Amino acid sequence: MSNQTNITEFLLLGFSDVRELQILHFMVFLVIYLAALTENLLIITAIALDHHLHTPMYFFLMCLSILDLGTISVTIPKSMANSLMNTRSISYSGCVTQVFFFIFFAEADFALLTIMAYDRYVAICKPLHYETIMNRRLCVQMTASAWISVILYSSLHTGNTFAITFCGGNMVDQFFCEIPQLLKLACSDSYLNEIWVIVFGECLTLSFFVFIIVTYVQILIKVLRIPSKQGRHKAFSTCLPHFIVISMFLSTAAFAYMKPISSSPSGLDLVVAVLYSVLPPVMNPIIYSIRNKEIKASLRKLTGWRLFNKNKMSEFLL
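Just so it is clear, the model here is predicted, and its values are computed rather than measured.

J.: I would appreciate a short explanation of the environment of tyrosine 33 in the present structure.
T.: Looking at the secondary structure, you find tyrosine 33 in helix H1 (residues 19–49). Looking at tyrosine 33, the relative accessible area reads 15%, which means it is buried. Remark: the alpha-carbon pair of tyrosine 33 and proline 77, spanning 44 residues in sequence, is separated by 8.1 Å. With sequence-adjacent residues up to four places away left out, tyrosine 33 is seen in contact with Ile72, Ser73, Ile76, Pro77 and Met80. Within polar-contact distance, the side chain of tyrosine 33 engages the side chain of serine 73 at 3.0 Å.

This is how it looks when you write it as structure tokens:
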């Protein structure tokens, strides 16, 4: 019987054994990854360079883009490299790193969405006190507290997961090191401590979700009192996509982590993993930032300035 000290690498789930399909998987993931990188880097650059966007809401949006970059960079590049090189291996230390950073970025992302919901609540329901309540110091404190708490939570998750004894081989039935799939390799009941950590984490996440729902309900009640139909439509078109994205992320992640452990790989598990690990970093910039008029204007100014400079440089060289 082998234990965790004898395991030097894990084998991740491949999307296909057919070489052509492996290349197709690489290309699809490459397009998704480049789209996420481009969207989030543009938002970070636009907010950082435009002093008009140095407000609490845009500070949180910039932090969200940073976290989204981290989330998608933890999982997709390794999967792409494996498909391109026709391999499935990931080192033991690489798997530990992947688990830690994925939990960190994903949970920090959701914690930040909770803070953003509170920010919108104060802005809409208590506009006269907004600058007093959401001052720079509080914004930094809330963000830093969330990230520090998530680091401790991620450390607990990772430590508990790799403290268990593995005797079910080294085959991980997922395209990245996902905790539920690693628990399938555990001996007997050695994974029970990690199960309790998962339950605690899901309860904590659910409490955040309830807070977000209550916050949005308060916002919608306030919005319904707006006499302008255009104002109501704008508020609904903003809140509804946010709620859909958060609900999809939470429901798919809860399904992946809370469903009974199965001994055989499932196509549904793969789809669910893509939905909660790959899709949010691509969709968040569109839902939260790119649809925003101020960010659109800043992006136009940024890209226009660069094109202008290039034209000037070309004229100079000619």
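Read on, since the account is not over.
J.: Looking at this structure, I do not really get the packing of aromatic side chains. What am I missing?
T.: Given two aromatic rings, their pairing is described by the distance between the two centres and the angle made by the two planes. Counted by the stated rule, this structure contains 17 aromatic pairs. Centroid distance phenylalanine 59 to phenylalanine 60: 5.6 Å. Interplanar angle 55°. Geometry classified as tilted. Geometrically, the ring pair formed by phenylalanine 110 and phenylalanine 208 is tilted, given 6.5 Å between the ring centres and 35° between the ring planes. On the criterion of sequence distance, the pair formed by phenylalanine 110 in helix H3 (residues 92–125) and phenylalanine 208 in helix H7 (residues 192–224) is long-range, its members being 98 residues apart. With a relative accessible area of 1%, phenylalanine 110 lands in the buried category. Looking at phenylalanine 208, the relative accessible area reads 26%, which means it is partly exposed. Through a chain of ring-to-ring contacts, three or more aromatic side chains come together here, namely Phe15, Phe29, Phe102, Phe175, Phe176 and Tyr276.

J.: I would appreciate a short explanation of the state of the cysteines in the present structure.
T.: Two cysteines joined by a covalent bond between their sulfur atoms form a disulfide. Per the stated rule, a full pass over the model turns up 1 disulfide. For cysteine 95, the disulfide goes to cysteine 177, at an S-S distance of 2.1 Å. Classification of the bridge connecting cysteine 95 and cysteine 177 rests on its S-S torsion, roughly -125°, and on that basis the disulfide is left-handed. Here cysteine 95 is found in helix H3, whereas its partner cysteine 177 is found in the loop between helix H5 (136–163) and helix H6 (179–183), with 82 residues between them in sequence. Summarising the burial analysis for this pair, cysteine 95 and cysteine 177 share the class buried. Cysteine 139 takes part in no disulfide bond, and the closest cysteine sulfur to it belongs to cysteine 63, at a distance of 9.3 Å. In this structure cysteine 139 comes out as buried when scored by relative accessible area, which is 3%.

J.: How should helix H2 (residues 56–85) be read in this particular structure?
T.: Within an α-helix, residues lying three or four positions from one another point in the same direction, as the helix has 3.6 residues per turn. Here H2 contains 30 residues, and its C-alpha end-to-end distance of 44 Å stays within 8% of the 44 Å for a straight helix at 1.5 Å per residue. Of all the bends in H2, the greatest, near 35°, is centred on serine 73, and the proline proline 77 appears no more than four residues after it. Judged by how many residues are buried, H2 sits mostly within the fold: 22 of 30 residues are covered. Once H2 ends, the next one or two residues include asparagine 86, with phi positive near 55°.

J.: Explain the side chain of aspartate 68 to me, please; I cannot follow it from the model alone.
T.: Note on placement: aspartate 68 falls in helix H2. Here aspartate 68 falls in the buried class, since its relative accessible area comes to 1%.

J.: Would you take a moment to explain the pattern of salt bridges for this structure?
T.: Two side chains bearing opposite charge may form a pair once their charged atoms approach each other closely. Under the definition given, this model contains 3 salt bridges. The partner of lysine 301 in a salt bridge is aspartate 50, with the nearest N and O atoms 3.8 Å apart. Pair noted here: lysine 301 is in helix H11 (residues 293–317) and aspartate 50 is in the loop between H1 and H2, with a separation of 251 residues, a long-range link. Aspartate 50 sits in the buried class, given a relative accessible area of 8%. A salt bridge links lysine 184 to aspartate 173; the shortest N-O distance between them is 2.9 Å.

J.: Can you help me understand the nonpolar core in this one?
T.: For soluble globular proteins, the rule of thumb is that nonpolar side chains tend to be buried together. The biggest cluster of nonpolar side chains holds 88 residues, and the ones touching the most others in it are Phe10, Leu182 and Tyr276. Here this core gets 18 residues from one element, more than from any other, and that element is H3. If near-sequence neighbours (up to four positions away) are discounted, leucine 182 is found in contact with Phe10, Cys95, Val99, Thr161, Phe162, Ile164, Phe166, Val172 and Cys177.

Reading the values: the criteria
Residues numbered from 1 in each chain as written. Predicted model: local features only at pLDDT ≥ 70, side-chain atom pairs only at ≥ 80, totals over all residues. Heavy atoms only, no water. Helix = DSSP H or I, 4+ residues; strand = E, 2+ residues; numbered from the N terminus. Buried < 20%, exposed > 50% of the residue type's maximum accessible area, 1.4 Å probe, protein only. Contact = heavy atoms within 4.5 Å. Polar contact = N/O pair within 3.5 Å; in protein donor to acceptor, adjacent residues only side chain to side chain. Phe/Tyr/Trp six-rings, centres within 6.5 Å; stacked < 30°, edge-to-face > 60°. Disulfide = S-S within 2.5 Å. Expected span 1.5 Å × (residues − 1). Bend = angle between axes of the 7 residues up to and from the residue. Salt bridge = Lys/Arg side-chain N within 4 Å of Asp/Glu carboxyl O. Core = buried A, V, L, I, M, F, W, Y, C linked by side-chain atoms within 4.5 Å.

These figures capture arrangement, not role.
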